[in-house]
Amino acid sequence: EAGVTQFPSHSVIEKGQTVTLRCDPISGHDNLYWYRRVMGKEIKFLLHFVKESKQDESGMPNNRFLAERTGGTYSTLKVQPAELEDSGVYFCASSRIAGGGTYEQYFGPGTRLTVT
Amino acid sequence: QQQVKQSPQSLIVQKGGISIINCAYENTAFDYFPWYQQFPGKGPALLIAIRPDVSEKKEGRFTISFNKSAKQFSLHIMDSQPGDSATYFCAASKDPGGYNKLIFGAGTRLAVHP
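What comes next concerns the included structure. (Residues numbered from 1 in each chain as written. Chains lettered and ligands numbered in written order. Predicted model: local features only at pLDDT ≥ 70, side-chain atom pairs only at ≥ 80, totals over all residues. Heavy atoms only, no water.)

**Looking at the overall build of chain B**
A tally of helices and strands in chain B yields zero helices and 11 strands. When the elements of chain B are put in sequence order from the N terminus, they spell out β-β-β-β-β-β-β-β-β-β-β. A compact globule built from 114 residues should have a C-alpha radius of gyration of about 13 Å, and chain B, at 13 Å, falls within 12% of that. Principal axes of the C-alpha set define a box for chain B whose edges measure 40 × 30 × 20 Å. The proportion of buried residues among the 114 residues of chain B is 48%. (Helix = DSSP H or I, 4+ residues; strand = E, 2+ residues; numbered from the N terminus. Rg over C-alpha atoms; globule rule 2.2 N^0.38 Å. Buried < 20%, exposed > 50% of the residue type's maximum accessible area, 1.4 Å probe, protein only.)

Below is the structure:
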């Protein structure tokens, strides 16, 4: 079973530019999450999709961030325009109900975004 | 406002020793407490998880100790090995199964020296 994949692995852009991150969840996983880790700090939740619907977007920092999950498969996270404080590692995770009623979240390797 | 506080930030342990990482939380609504392990270039992977109705859970060399009254939980790695060198994150969720968002600690970078 393929894991969660993210593209690109690393992106360097200038302030004011636009960047789109992509996440492909594990096949069959209805839940898809985006998280972000700013250097040395905690991994922070951004939002949660259930299939194509946004279940919880309470962690989205501002309206420069737009997440989509068309068709309930892969998801994109667009940052427009990017600011210096958007630098960090963006993780995607996916889950489905597992044994014991738990929803183990499987994480992708992350996209390291650097805004200069 | 950091809801889950993790310490230490970094930890060096000799091979065969015990590694101990501590976390404290504030929100009594949290009902699921997982630990994640992350190797360089990889995403975090679930290591072990506990619910507040038990005080301890052990899986191999990894043990979670949970103190509900103190709102603290810790990860103990027995007989630490160089292959355990990684960053460890504690987390918490209001959902007993981890369906909802995870609230993470800041991470502990563990180095096990041979």
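Further notes follow.
**Some points on the pattern of salt bridges**
Residues and elements named next belong to chain A. With the rule as written, the count across this model stands at eight salt bridges over all chains. Here R22 ties to D24 by a salt bridge, and the two come within 2.7 Å at their closest N and O atoms. You can call R22 partly exposed: its relative accessible area is 32%. Residue D24 is classed as partly exposed on the basis of its relative accessible area, which comes to 25%. Notably, a salt bridge pairs E57 with K54, separated by 4.0 Å at the nearest N-O pair. For K54, a relative accessible area of 37% puts it in the partly exposed group. (Salt bridge = Lys/Arg side-chain N within 4 Å of Asp/Glu carboxyl O.)

**Some details on the sheet that holds strand 7 (residues 65–68) of chain A**
Residues and elements named next belong to chain A. If you trace the four strands from one edge of the open sheet to the other, you get 1-3-8-7, paired in antiparallel fashion. Taken across any chain shown, the strands that pair with only one partner, and hence form the sheet edges, are strand 1 (5–7) and strand 7. Neighbour to neighbour, the strand axes of the sheet diverge by 15° on average, direction disregarded. Where strand 7 lies against strand 8 (residues 75–79), four bridges are found, and the strand directions are antiparallel. Along strand 8, the bridge assignment pairs F65 with V79. (Pairing = 2+ DSSP bridges. Axes fitted to C-alpha atoms, helices over the stretch in contact; angles between N-to-C directions.)

**Description of the interface of chain B and chain A**
Contacts between the two partners involve 18 residues from chain B and, on the opposite side, 23 residues from chain A. Roughly 1700 Å² of surface becomes buried between chain B and chain A when both sides are summed, with 57% attributable to carbon and sulfur atoms. Ranking the residues of chain B by area buried against chain A places B:Y99, B:K101 and B:F104 at the top, with a combined share of 36%. The interface formed by chain B and chain A includes zero salt bridges. Between the two partners, chain B and chain A, sit six residue pairs in polar contact (both at pLDDT 80 or more). Split into classes, the residues belonging to the side of chain B that touches chain A amount to eight nonpolar, eight polar and two charged. (Contact = heavy atoms within 4.5 Å. Buried area = accessible area lost by both parts, 1.4 Å probe. Polar contact = N/O pair within 3.5 Å; in protein donor to acceptor, adjacent residues only side chain to side chain. Nonpolar A, V, L, I, M, F, W, Y, C, P; charged D, E, K, R; others polar.)

**Re the state of the cysteines**
Residues and elements named next belong to chain A. For the coordinates displayed, the defined rule picks out two disulfides over all chains. A disulfide bridge connects C23 with C92, and the sulfur atoms are separated by 1.8 Å. On the sign convention where negative means left-handed, the S-S torsion of about -60° between C23 and C92 marks this disulfide as left-handed. One end of the pair, C23, is in strand 3 (residues 19–24); the other, C92, is in strand 9 (residues 88–95), with 69 residues separating them in the sequence. You can call C23 buried: its relative accessible area is 0%. (Disulfide = S-S within 2.5 Å.)

**Overview of the packing of aromatic side chains**
The tally for this structure, following the rule as stated, stands at 19 aromatic pairs over all chains. Considering the side-chain rings of B:Y25 and B:F33, the 4.8 Å spacing of their centres and the 45° angle between planes classify their relative orientation as tilted. As far as burial versus exposure is concerned, B:Y25 and B:F33 are alike and both buried. By way of ring pairs, the aromatic residues A:Y33, A:Y35, A:F45, A:F91, A:F107, B:Y36, B:F89 and B:F104 are connected into one cluster. The ring of A:Y74 is capped by A:R22, whose NZ or CZ atom sits 3.8 Å from the centre of that ring. (Phe/Tyr/Trp six-rings, centres within 6.5 Å; stacked < 30°, edge-to-face > 60°. Lys NZ or Arg CZ within 6 Å of the ring centre and 35° of its normal.)

The values reported here are purely geometric and, on their own, carry no functional implication.
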